[in-house]
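These are the residues of each chain, in order.
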Amino acid sequence: MIPRGLALLHLLLVLSSASASASELPPAAAVRVGVVLDLTSEAGRKSLSCVSMALDDFYSAHANSSRRVHLFVGDTRGDVVAAAHAAVKCSSTEQCELCECVAPEDLIRNNRVQAIIGPLTSAEAEFIAYLGKHTLTPILALAPISAALTPLVAPFFLHTAPIYSSQAELTAAILDKFRWRKAILVYEDSPYGAGILPELVYALQGYNTFITDRVALPIDAAENYLDKVVYSLKENSTRVFIVHMLPDLAARFFRQASVADMMSDGYVWIATASFGSAVDSYGPDRIDNMQGVVTFRPYVQSTDRIMNFTVRFKDKFQMENPGIQEVPNPSLLLLWAYDTAWSLAAAINRNRVSSSTPGRTLLGAVLNTTFDGLAGRFTLVNGQLQLSTYEVVNIIGKGARTVGFWTPESGIFKNLKANNEKGLKQILWPGDLATAPRGWDVSSTGSPLCVIVPSRHGFDQLVKVSYNPTNISFIVTGYCIDVFDALMKNLPYLVAYQYVSSAESSPFHNISTYDSILNLVYEKKADAVVGDTTISTDRMNKVAFTMPYTDTGLSMIVVLKKDSSRSMWIFLQPLTRTLWITSLAFFFLTGFVVWAIEHRINPEFRGTPWQQFGIIFYFAFSTLVFSHKEKLESNLSRLVVIVWVFVVLILTSSYTASLTSMLTFQRFQPTVTSVQDLLRNGHFVGYQRGSAVKYWLEEMGFHKKNLLGYDTVEEYAEALQMGSGNGGVSAIFDENPYLKIFLSKHCEGYTMVGPTYRLGGFGFAFPIGSPMVHEISKAIMTPGVQEEMVRIERKWFGDPGACASSSGGINSSRLVFSNFSGLFLISGLTSGLALLISLSIFVYQKRDELRAEASRTRSMSLQSLHTWLERLRSTKHRELPIINRQEGEYEMDGYGSSQLQGDA
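What you are looking at is a predicted structure, and each value in this text was computed from that prediction instead of being measured.

**Quick word on the overall build of the chain**
If you tally the helices and strands in the chain, you get 31 helices and 34 strands. Of the contacts formed within the chain by residues at least 6 apart in sequence, a portion of 70% connects residues at least 24 apart. When the accessible area of the chain is evaluated, it comes to approximately 43800 Å², of which 55% is carbon and sulfur surface.

**Focus on the pattern of salt bridges**
Counted under the stated rule, the structure contains 21 salt bridges. A salt bridge links arginine 252 to aspartate 248; the nearest nitrogen and oxygen atoms lie 3.7 Å apart. One end of the pair, arginine 252, and the other, aspartate 248, are both in helix H10 (residues 247-259), four residues apart, so they sit about a helical turn from each other. The residue lysine 740 makes a salt bridge to glutamate 793 at a minimum N-O spacing of 2.8 Å.

**Structural notes on the sheet that holds strand E10 (residues 268-271)**
Pairing is mixed in the open sheet, where eight strands are placed in the order E8-E7-E9-E10-E11-E16-E17-E18. Looking at the sheet topology across the chains shown, the edges are occupied by strand E8 (210-217) and strand E18 (411-413). Here the strands of the sheet are splayed against their neighbours by 25° on average, with no regard to which way each runs. When E10 meets strand E11 (residues 294-298), the two strands line up parallel, connected through two bridges. What sits directly across from isoleucine 270, in E11, is valine 294. The strands touched by H10 are strand E7 (182-188), E8, strand E9 (240-244) and E10; relative to E10, the strand with the most contacts, the crossing angle is about 175°.

**Section: the packing of helix H19 (residues 577-598) against helix H21 (residues 635-664)**
At a minimum axis distance of 10 Å, the contact between H19 and H21 shows a crossing angle of 160°. Considered as vectors, H19 and H21 are oriented roughly antiparallel to each other. In the crossing of H19 with H21, the sense of the turn from one axis to the other is left-handed. Together, Trp580, Ser583, Phe586, Phe587, Thr590, Val593, Val594, Ile597 and Glu598 of H19 and Leu636, Ser637, Val640, Val641, Trp644, Val648, Leu651 and Tyr655 of H21 make up the contact between the two elements.

**So, unusual backbone geometry**
The phi dihedral of asparagine 208 falls on the positive side, at around 55°, and the residue is not glycine. One can find asparagine 208 in the loop between helix H8 (196-205) and E8.

**Examining the environment of tyrosine 282**
Along the chain, tyrosine 282 falls in the loop between helix H11 (273-276) and helix H12 (284-287). Sequence-wise, tyrosine 282 and serine 331 are 49 residues apart; in three dimensions their C-alpha atoms are separated by 8.7 Å. Excluding its chain neighbours within four sequence positions, the residues that come into contact with tyrosine 282 are Pro247, Asp248, Ala251, Phe275, Ile287 and Met290. A polar contact is formed between the side chain of tyrosine 282 and the backbone oxygen of proline 247, at a distance of 2.8 Å.

**Comments concerning the confidence of the model for the chain**
Summary statistics for the chain give a mean pLDDT of 80 and a share of 81% for residues scoring 70 or more. Here residues 805-811 is a poorly scored stretch, pLDDT under 50, and it has eight contacts once near neighbours within four places are set aside; other chains count. Long-range and interchain partners of residues 875-904, a stretch whose pLDDT sits below 50, account for 24 contacts in this model, where long-range means more than four residues apart.

**A short note on the packing of aromatic side chains**
In total, this model carries 44 aromatic pairs according to the counting rule given. Between the aromatic rings of phenylalanine 254 and tryptophan 269, the centroid separation amounts to 5.6 Å while the plane-to-plane angle is 80°, which identifies the pairing as edge-to-face. On the criterion of sequence distance, the pair formed by phenylalanine 254 in helix H10 and tryptophan 269 in strand E10 is long-range, its members being 15 residues apart. The burial state of phenylalanine 254 is the same as that of tryptophan 269; both residues are buried. Arginine 438 extends its terminal NZ or CZ atom over the ring of tryptophan 440, reaching a point 4.9 Å from the ring centre.

**Structural notes on the side chain of asparagine 321**
Tracing the chain through its elements places asparagine 321 in the loop between helix H13 (304-320) and helix H14 (332-350). In terms of polar contacts, asparagine 321 uses its side chain to reach the side chain of arginine 45, at 3.1 Å.

**Some words on the pairing of E9**
E9 sits mainly inside the fold: five of its five residues count as buried. Burial along E9 is two-sided: the residues Val240, Ile242 and His244 and Phe241 and Val243 are all buried. Pairing between E7 and E9: four bridges, direction parallel. What sits directly across from isoleucine 184, in E9, is phenylalanine 241. In terms of strand pairing, E9 meets E10 through four bridges, oriented parallel. Paired with phenylalanine 241 across the bridge in E10 is tryptophan 269. Note that the unit made of E9, H10 and E10 has a crossover that is right-handed.

**Focus on helix H25 (residues 736-745)**
With seven of its ten residues buried, H25 lies for the most part within the structure. Among all positions of H25, only Asn736, Pro737, Tyr738, Leu739, Ile741, Phe742 and Leu743 are buried.

**Focus on a nonpolar patch on the surface**
A grouping of Leu584, Phe588, Trp610, Phe613 and Phe617 is seen on the molecular surface, where their side chains present a nonpolar patch of about 570 Å² in accessible area. If you list the elements that add at least two residues to the nonpolar patch, you get H19 and helix H20 (609-622). Tracing the backbone shows leucine 584 in helix H19.

**What to know about the packing of H14 against helix H15 (residues 358-367)**
For the pair H14 and H15, the least separation of the axes is 9 Å and the interaxial angle reads 115°. When you trace H14 past H15, the crossing you get is right-handed. Residues Leu344, Ala347 and Ile348 of H14 touch H15, and the partners they reach there are Leu362, Ala365 and Val366. Class assignment of the residues belonging to the contact of H14 with H15 gives a composition of six nonpolar, no polar and no charged.

**Remarks on the side chain of serine 674**
With respect to the element layout, serine 674 can be found in the loop between strand E26 (667-670) and helix H22 (675-681). Note on serine 674: relative accessible area 18%, which makes it buried. Side chain to side chain, serine 674 and aspartate 677 meet in a polar contact 3.3 Å long.

**Description of the environment of leucine 839**
Within the secondary structure layout, leucine 839 lies in helix H29 (residues 821-845). Considered as a pair, leucine 839 and alanine 596 are 243 residues apart in the sequence and their alpha carbons are 9.0 Å apart.

**Side note on the environment of serine 466**
Its place among the elements puts serine 466 in strand E20 (residues 464-468). For the pair serine 466 and threonine 477, spaced eleven residues apart in sequence, the C-alpha separation works out to 8.4 Å. Leave out the neighbours within four places in its chain, and serine 466 touches Ser473, Phe474 and Ile475.

Analysis parameters
Numbers given for residues are sequential positions, taken from 1 along each chain in its written order. Predicted model: local features are reported for residues with pLDDT of at least 70 only, side-chain atom pairs are reported and counted for 80 or more only, and whole-chain, interface and lining totals are derived from all residues. The basis for every side-chain value is the complete set of non-hydrogen atoms in the structure, without hydrogens or water. Only DSSP runs of H or I covering at least 4 residues are called helices, and only runs of E covering at least 2 are called strands; the numbering of each starts at the N terminus. Residues count as neighbours in contact if any of their non-hydrogen atoms are within 4.5 Å of one another. For the area figures, the Shrake-Rupley method with a 1.4 Å probe applies, and any residue is considered shielded solely by the protein chains shown. What counts as a salt bridge is simple: a side-chain nitrogen of Lys or Arg found within 4 Å of a carboxyl oxygen of Asp or Glu. For two strands to pair, DSSP has to find at least two bridges joining them. Note on geometry: axes are lines fitted to C-alpha atoms, helical ones only across the stretch in contact, with angles between N-to-C directions running from 0 to 180 degrees. Throughout, the term roughly parallel applies to angles under 35 degrees, roughly antiparallel to angles over 145, roughly perpendicular to angles from 65 to 115, and oblique to all others. Two helices crossing with the near one rotated counterclockwise from the far one by less than a right angle form a left-handed crossing, whereas a clockwise rotation gives a right-handed crossing. Pairs of N or O atoms within 3.5 Å make up the polar contacts considered here, provided that, within protein, one atom can donate a hydrogen while the other can accept it, and that residues adjacent in sequence are counted only when both atoms are side-chain atoms. For every residue, the predictor assigns a confidence score, pLDDT, that lies between 0 and 100. Any two rings among Phe, Tyr and Trp, with Trp reduced to its six-membered ring, count as a pair given centres within 6.5 Å; such a pair is stacked if its planes are under 30 degrees apart, edge-to-face if over 60, and tilted if neither. Type-normalised accessible area, obtained with a 1.4 Å probe on protein chains alone, sets the label of each residue: buried when under 20%, exposed when over 50%, and partly exposed for intermediate values. Whether a charge sits over a ring comes down to the Lys NZ or Arg CZ being within 6 Å of the ring centre and within 35 degrees of the ring normal. The crossover handedness rule: strands pointing away from the viewer, path from first strand over the helix to second strand clockwise, crossover right-handed. A patch consists of residues whose relative accessible area exceeds 30% and which take part in no salt bridge; residues with like charges are grouped when within 9 Å of each other, and nonpolar side chains (Val, Leu, Ile, Met, Phe, Trp, Tyr) when within 5 Å. Residues are grouped as follows: Ala, Val, Leu, Ile, Met, Phe, Trp, Tyr, Cys and Pro are nonpolar; Asp, Glu, Lys and Arg are charged; every other residue, Gly included, is polar.

The structure is reproduced here in structure tokens:
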């Protein structure tokens, strides 16, 4: 960029000169228009040819135009300062009929141009945009610009080529399509290049994708500088690169990447739209260095008009530049240059420029100009050319092949005619691979991963490192090692790795603590740490952990003591309180149902209210020992009693067995039941020496003097047996995997009690940003791998239920309601159904009397129903059955007579 002071000085000069001539009009037949281009570059010369072709074509089609564009060409020579100050002399007849070459600053100050077309670089465009703002001169720019250059900042700046404002979203969509979560951004060091950073970061966040590194390249970077950058990128494990730079720099960068063998298997190159728009203009030598690159560009439909323009452009440019042997097809940028000149000529032709405000008048005329150009519909909204569809292309062979399209509304789809077919067509990636690369490599050098295994004493079931004197090597075994091997075998690709011990005779013999071992990964001296490594917040600041592959918790182990106490209320313990209450409720329910059914037909269930209540209570509980003597007359009551007796039989049998177990077997109780007991009594507690458990115990409130560290399982057991009062401890705190090992060796006499505090668990450590973390975490969640991990756990820790079964006396075998809920449900349904059927039969038998009562009272109210039932009850008591004990007959007046055989 031009120095701030120099820019301000130049603005003052321009403003002072422009103010004197703002009211002057150019000749009526000629409207002065400036063109600012770098004529030392091929792109600048091609753009000027397209501008002159557009004017020639327009005035051939509009021969009667009263006003014509007269071009004044300013050569920037690719320098921002030169764009404002340098004077260039050239022959106007070399370029076009209506061209005149002048110094760029003279376009406004001396030649009083009313509009400027160009330039092609973002730095030049940004500077000239502010000149246009202060001199009220419309600037029709073709350069890619940053999003910061808005109409509010530069109202006279019109961007007549697409600004690619949505290419960040398209880039993020492509990365997400192939599930690449990390990428490296390589961009040119310019306002345009850096402008994509905030947009790309924001877009990638929506897809959980991240830019792990970014590299800015100077626009004029030399070949040796590009070499250094390329080889530094090659050392990174990330293999997905986003290239955001202008075509010339991008072509040189891809050439150096090809020399470094980075256009081969495993690499992914995604180039943004400024590169994609120029792909068709590259020669075969450049295309060869870009095989497999995926890029995108604004979609322009191929038409006969474009084909005709291509032929004419090649002939014209070849004539103007005889030194060029072969002219490639024009890029999309040249189509927009053509449409830009056409739009300006059309606006001048339709609108007479006002003498007082020529700049504002011409600005409004261009904004209102709409036509079908070479590149599609030309429409400016808020000073920017509208763009809705991108074409995704794959560079393969001699050019670019379309593999899909993208719009903000529909996303990525294969064909324009059927945008509901999502995805992309087959892409050939670098190395002619048809399968999309995974986007990263486990090792930047290609050598096996260096996996550090901590060497320790004690808890060999987790990790054990032993020295093999035969071949002078280390042998690593254990639960953690077997789990890691199983996970690596289940990855969808082969990963080579080798275990390196932290033992004294290894290259890392000075490493003693787990934190220092993890520092090796942080310092990139090792690729991973595999072992009983606990995940913690402090460690996550240095390395990345996979998801835990063990139980994530901190618990305590205490000694069991015999419970010799016998309570006088032990007979209540076999059943829980809920089961006792439910059983009593069903006793009364069954007695009531039997009484309700038998009361009407069986004299043994009649009498005074207290006698009937006694019968209900006695009959229900007599079924408990099957001693009820009342003879049942109804089959419904018999069904209820049969079901209830079955329930009582099972309930009493289970109660007897549970009570016998409680009275016979020796019961055990833990010596300590809670952390609060330990804290309140000031007991000593143990932990594993060198672990983070000591820190957690201090956070719980334990004093340092009450914490004793141990190394092995045997030391744990000895300290627990000694007890807190004899130089030992009352409890051992450790993570669940270590406690499982302890219980697998010392199952009898110990138990795990108290709450489990959620901690990080064990995880495998990798460098931050390593894709192996995500891959291994996914493998841990695979059902097949989880089954394998269960088998590995049994191999090293034994059957997890063995210890629980041997110490079953800890928990009493109490019976709960859920054990008998099905039986109670059957009994309740049977009783309710029997009561409902009995009531229905009674109402049916008395239907005539009920109907008569209703007719007498003309309505069946609750009061009349109650009166009728009372009358019926008194009648029943008066008509007691006459018993003939000799003949065994019941004569029942009012009910008919029936012969019932049985005891009198």
